[in-house]
Amino acid sequence: MVNVICMKWGDKFDASYVNRLYGMVSRNLNLPFKFVCFTDDSSGIRDEVIIKPLPKLDLPPNIPERGWRKLTLFSKDLGGLSGKALFLDLDVVIVDNIDDFFKIDGEFLIVRDHKRRRRNEGNSSVFRFEIGKYPEILDYFVKNFEKVRAEVRHEQAYLSKQMHKKGILQFWPNEWTPSFKYHAIPKFPISLFKEPTIPKGAKIIIFHGLPTPKDAIEGKSGKWYRFLKPTKWIKDYWRE
């Protein structure tokens, strides 16, 4: 039995994102699994999802959203769970079987940051870890929050830095987790005429920043300098 974990807090994502994610996992994972959502609002989430309360993390009010709450996944006791866990952001789109994300060797695996590829820095849209094995990552952050914020911009930079120090930072094969905006959208001016395509070898397509999956379906890039034709195939995968 393997664990697939997501988190939902605040009002950025509603329950439909959790439900779609569960649907995509159930269609693309052949291994027996638990699907767990840590959330502060479980209303509307489908019955197959195991609901756990969002772990507490005292953050100063009115700070920019930088994903710091994801670090609570490294609590010593994470909702009574144990073993390997694959964390997935709510806005990823799964387009192929994901069994290999549990079979590949490695202690900690994460998406290589698509914008800063020369750095040892990950994108935490998809990462795998051993539950309860690295509580010091959360403990240090809690005790040194302002220091950490001064050194790194967001949680994935801090997490990558700590795992690199341990010598266990490892990245997924590049083709498994491509970026929609960097790898699926054709270069301009081809993007004026050609719909985005699924990159070769893709298993989980990452949506970071803009566009969102919903925007992409509608052909809204979110940026004046990026043209995007409506990407209808996303609806075939991004569904309950």
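What counts, and where the lines are drawn
- Residues numbered from 1 in each chain as written.
- Predicted model: local features only at pLDDT ≥ 70, side-chain atom pairs only at ≥ 80, totals over all residues.
- Heavy atoms only, no water.
- 1 Å grid on protein atoms, 1.4 Å probe; cavity = no way out; pocket = protein on both sides within 12 Å on 5 of 7 lines; lining within 4 Å.
- Points joined across faces, edges and corners; volume = space filled by probe spheres on them.
- Helix = DSSP H or I, 4+ residues; strand = E, 2+ residues; numbered from the N terminus.
- Nonpolar A, V, L, I, M, F, W, Y, C, P; charged D, E, K, R; others polar.
- Patch = residues over 30% accessible without salt bridge, like charges linked within 9 Å, V, L, I, M, F, W, Y side chains within 5 Å.
- Areas by Shrake-Rupley, 256 points an atom, 1.4 Å probe, with all protein chains shown as cover.
- Salt bridge = Lys/Arg side-chain N within 4 Å of Asp/Glu carboxyl O.
- Buried < 20%, exposed > 50% of the residue type's maximum accessible area, 1.4 Å probe, protein only.
- Contact = heavy atoms within 4.5 Å.
- Phe/Tyr/Trp six-rings, centres within 6.5 Å; stacked < 30°, edge-to-face > 60°.
- Lys NZ or Arg CZ within 6 Å of the ring centre and 35° of its normal.
- Expected span 1.5 Å × (residues − 1).
- Core = buried A, V, L, I, M, F, W, Y, C linked by side-chain atoms within 4.5 Å.
- Right-handed = clockwise from strand over helix to strand, strands pointing away.
- Pairing = 2+ DSSP bridges.

A. Geometry of the layout of surface pockets. If you add up the space inside the largest pocket, you get close to 1200 Å³. Lining the largest pocket are 40 residues; nearest its centre among them are K12, D89, Q156, H208 and G209. The set of elements that each furnish at least two residues to the lining of the largest pocket consists of β1 (2–8), β4 (84–88), β7 (122–130), α5 (155–166) and α6 (180–184). By residue number, the principal contributor to the lining of the largest pocket is β7, which donates three residues. In terms of residue class, the lining of the largest pocket is made up of 13 nonpolar, eleven polar and 16 charged. Considered as a void within the structure, the second largest pocket measures approximately 190 Å³ in volume. Lining of the second largest pocket is provided by K181, Y182, I185, P186, K187, F188, S191, Y225, R226 and F227.

B. Quick look at a nonpolar patch on the surface. A contiguous nonpolar surface patch, about 460 Å² in accessible area, is contributed by F188, L192, F193 and F227. Along the polypeptide, F193 turns up in the loop between α6 and β9 (204–205). Among the residues examined, F193 registers a relative accessible area of 66% and is labelled exposed.

C. Examining the environment of V126 more closely. Summarising the element assignment, V126 is placed in strand β7. For the pair V126 and F87, spaced 39 residues apart in sequence, the C-alpha separation works out to 5.5 Å. If near-sequence neighbours (up to four positions away) are discounted, V126 is found in contact with L86, F87, L88, V92, F101, L109, I110, V111, W172, I204 and I206.

D. Structural detail: the packing of aromatic side chains. Following the criterion strictly, the structure yields 21 aromatic pairs and no others. Aromatic pair F127 and F129: ring centres 5.6 Å apart, planes at 40°, arrangement tilted. An identical accessibility class is assigned to F127 and F129; each is buried. Feature note: the residues F74, F87, F108, F127, F129 and Y134 constitute an aromatic cluster, connected by ring pairs. The ring centre of Y17 lies 5.4 Å from the NZ or CZ of R20, which sits over that ring. Lying over the aromatic face of W238, R20 brings its terminal NZ or CZ to 3.9 Å of the ring centre.

E. Fine view of α5. Between its first and last C-alpha, α5 extends 17 Å over twelve residues, near the 16 Å set by a 1.5 Å rise per residue. All buried positions along α5 are accounted for by E155, Q156, A157, Y158, L159, S160, Q162 and M163. Close packing links the buried residues of α5 with β6 (108–112), β7, α3 (135–143), α4 (145–151) and β8 (169–171).

F. Expanded view of the environment of I168. Along the chain, the position of I168 falls in the loop between α5 and β8. Take I168: its relative accessible area is 13%, and that puts it in the buried class. With eleven residues separating them in the primary sequence, I168 and S179 have C-alpha atoms 23 Å apart. Aside from chain neighbours lying at most four places away, what touches I168 is E107, F108, Y134 and M163.

G. Just the nonpolar core, in detail. Counting 45 residues, the largest nonpolar core has L21, F35, L88, V126, F180, I204 and I234 as its most contacted members. Broken down by element, the residue count for this core peaks at seven residues, all from helix α1 (residues 15–28). With residues up to four places along the chain from it excluded, the contact list for F180 reads I185, P196, I205, I206, F207, P211, A216, L228, T231, W233 and I234.

H. Structural context of the pairing of strand β2 (residues 33–39). In terms of residue burial, β2 counts as a mostly covered element, since five of its seven residues are buried. Once you follow β1 into α1 and on to β2, the crossover reads as right-handed. Relative to strand β3 (residues 50–53), β2 runs parallel, the two being bridged by four bridges. When the sheet's bridge partners are listed, F38 is paired in β3 with K52.

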